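Reading the structure
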Amino acid sequence: MRNSLIIILLLITLNTFGQEFGMHWISYPEHDDSTEVCFKKAYLSLKPNKQAFINIASTGNTQLYVNERLVSKEMIVRENNEILQTTYNVTRYLKPDTNIIAVYYAPACKKPTDKQLSLSYYGISGFGTKFYFQANGSWYCKKGEGYVARGTEEFMDGRIRDMHWKDLETYGPAWKQAIASSDQTPYPVKANLHYRTFDRIAEFLSPVETVKNEAGDSITYDFGRSFNGQIRLTIRNAKRGEVINIGSFKYVCNGSTDEQACRRFTTSEQRKITITGDANFKVKHINAIEGLEIKPTTQKSYLF
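Residues numbered from 1 in each chain as written. Predicted model: local features only at pLDDT ≥ 70, side-chain atom pairs only at ≥ 80, totals over all residues. Heavy atoms only, no water.

In this section: the packing of aromatic side chains. Here the structure, examined in full by the defined rule, presents 15 aromatic pairs. Relative to Trp 165, the ring of Tyr 65 has its centre 5.6 Å away and its plane inclined at 85 degrees; by these criteria the two rings are edge-to-face. Of this pair, Tyr 65 sits in strand 5 (residues 61-66) while Trp 165 sits in the loop between strand 13 (153-157) and strand 14 (176-177), and the two are 100 residues apart along the sequence. Taking relative accessible area as the criterion, Trp 165 reaches 7% and is therefore assigned buried. Between the aromatic rings of Tyr 147 and Phe 155, the centroid separation amounts to 4.9 Å while the plane-to-plane angle is 20 degrees, which identifies the pairing as stacked. The class of Tyr 147 is partly exposed, set by a relative accessible area of 37%. An aromatic cluster is defined as three or more aromatic residues linked by ring pairs; in this entry it consists of Tyr 43, Tyr 121, Phe 131 and Phe 133. The ring of Tyr 171 is capped by Lys 40, whose NZ or CZ atom sits 4.3 Å from the centre of that ring. The ring of Tyr 65 is capped by Lys 166, whose NZ or CZ atom sits 4.9 Å from the centre of that ring. (Phe/Tyr/Trp six-rings, centres within 6.5 Å; stacked < 30°, edge-to-face > 60°. Helix = DSSP H or I, 4+ residues; strand = E, 2+ residues; numbered from the N terminus. Buried < 20%, exposed > 50% of the residue type's maximum accessible area, 1.4 Å probe, protein only. Lys NZ or Arg CZ within 6 Å of the ring centre and 35° of its normal.)

Its boundaries defined by the atoms lining it, the largest pocket holds a volume of some 900 Å³. In terms of lining, the largest pocket is formed by 34 residues, of which the most central are Gln 63, Tyr 65, Leu 70, Arg 263 and Arg 264. A breakdown of the residues in the lining of the largest pocket according to their chemical character gives 15 nonpolar, 7 polar and 12 charged. (1 Å grid on protein atoms, 1.4 Å probe; cavity = no way out; pocket = protein on both sides within 12 Å on 5 of 7 lines; lining within 4 Å. Points joined across faces, edges and corners; volume = space filled by probe spheres on them. Nonpolar A, V, L, I, M, F, W, Y, C, P; charged D, E, K, R; others polar.)

What follows deals with the pairing of strand 9 (residues 98-106). Of all the 9 residues making up strand 9, 8 are buried; the element is thus mostly covered by neighbouring parts of the structure. Of the pairings in the sheet, the one linking strand 3 (residues 35-44) to strand 9 comprises 8 bridges and is antiparallel in character. In the strand pairing of strand 9, Lys 40 is matched with Ala 102. (Pairing = 2+ DSSP bridges.)

This part is about unusual backbone geometry. Positive phi values are uncommon outside glycine, yet Glu 68 reaches one of about 70 degrees. A positive phi angle, near 60 degrees, is found at Asn 237, a position not held by glycine. Relative to the assigned elements, Asn 237 resides in the loop between strand 19 (219-236) and strand 20 (243-246).

For a regular strand, side-chain orientation follows a simple rule: the groups alternate between the two sheet faces. Pairing geometry for strand 13 and strand 21 (residues 249-252), over 4 bridges, is parallel. Counterpart to Glu 154 in the pairing with strand 21 is Phe 249. As paired elements, strand 20 and strand 21 share 4 bridges and run antiparallel to each other. Note on strand 21: the bridge partner recorded for Ile 246 is Phe 249. Linking strand 20 back to strand 21 in an antiparallel pair, the connection comprises 2 residues, with Gly 247 at a positive phi of about 65 degrees.

Within the element layout of this structure, Thr 62 appears in strand 5. Not counting the four nearest positions on each side in its chain, Thr 62 is found in contact with Ile 56, Ser 72, Val 103, Tyr 104, Tyr 105 and Phe 265. (Contact = heavy atoms within 4.5 Å.)

What follows concerns a nonpolar patch on the surface. On the surface, Leu 44, Leu 46 and Phe 127 cluster together into a nonpolar patch covering about 420 Å² of accessible area. Here Phe 127 shows up in the loop between strand 10 (118-124) and strand 11 (130-134). (Patch = residues over 30% accessible without salt bridge, like charges linked within 9 Å, V, L, I, M, F, W, Y side chains within 5 Å. Areas by Shrake-Rupley, 256 points an atom, 1.4 Å probe, with all protein chains shown as cover. Salt bridge = Lys/Arg side-chain N within 4 Å of Asp/Glu carboxyl O.)

What follows is the structure, encoded as structure tokens:
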């Protein structure tokens, strides 16, 4: 345990590019270069932990949750074929007894790899002793609701969206035990530890002009200026299985009264966006639309 903590402290002193060091990689058993994956593990504490950190590394894009609360509220900026490593102070998210760590993963590396997730959970226990855990084969994983392809293309199937995948009770037949990575390829590491570089929403934009086609099966929104980011739709009373195309983002509706369609990890240049769909799509199903302008920023880490 002492050696493991020394490794973590060495990692925290880095804020630059390096090589993999002390990382243990896990993967979904049937991995590929486009399918998104849900990972999770519950850790039991006999006494409330005094302090805890999570160090997470991945060749893909990730969202980190602790006890169903989103910890990583930013979109990460990454280069292709690199490992991005970030450490979070998660003390304020902890519960007294059982703590659930969950990660939503989407491939970003252009090279096929099963180096999907390396995660360390460590800190000071309620007894004043140090603890340290690494993600391993005791973690569970399942396929997510979407996939990414060719850089900016993203697909999401709302019909298989599991709103409870992050909680303690949900372990249905779709969940499998994670496996160790077999990829021996060394990747450069970008450590976002002291100063964190990430993307965030800089402005919410509304269309300045709207043009419907006569048939009512497509609509074009003009936001008045170009911006890099995402389009977010609120959809009302769509048919289950209805397909909506928002540029290079495709969304399949789950049929609930209100649902939102938005990219999770990718961005693209926006100004005029034409929304189309399959035979079931109607313009009236779009209840609201907004543009999310996303810009890179750098700030001091909130690690301590």
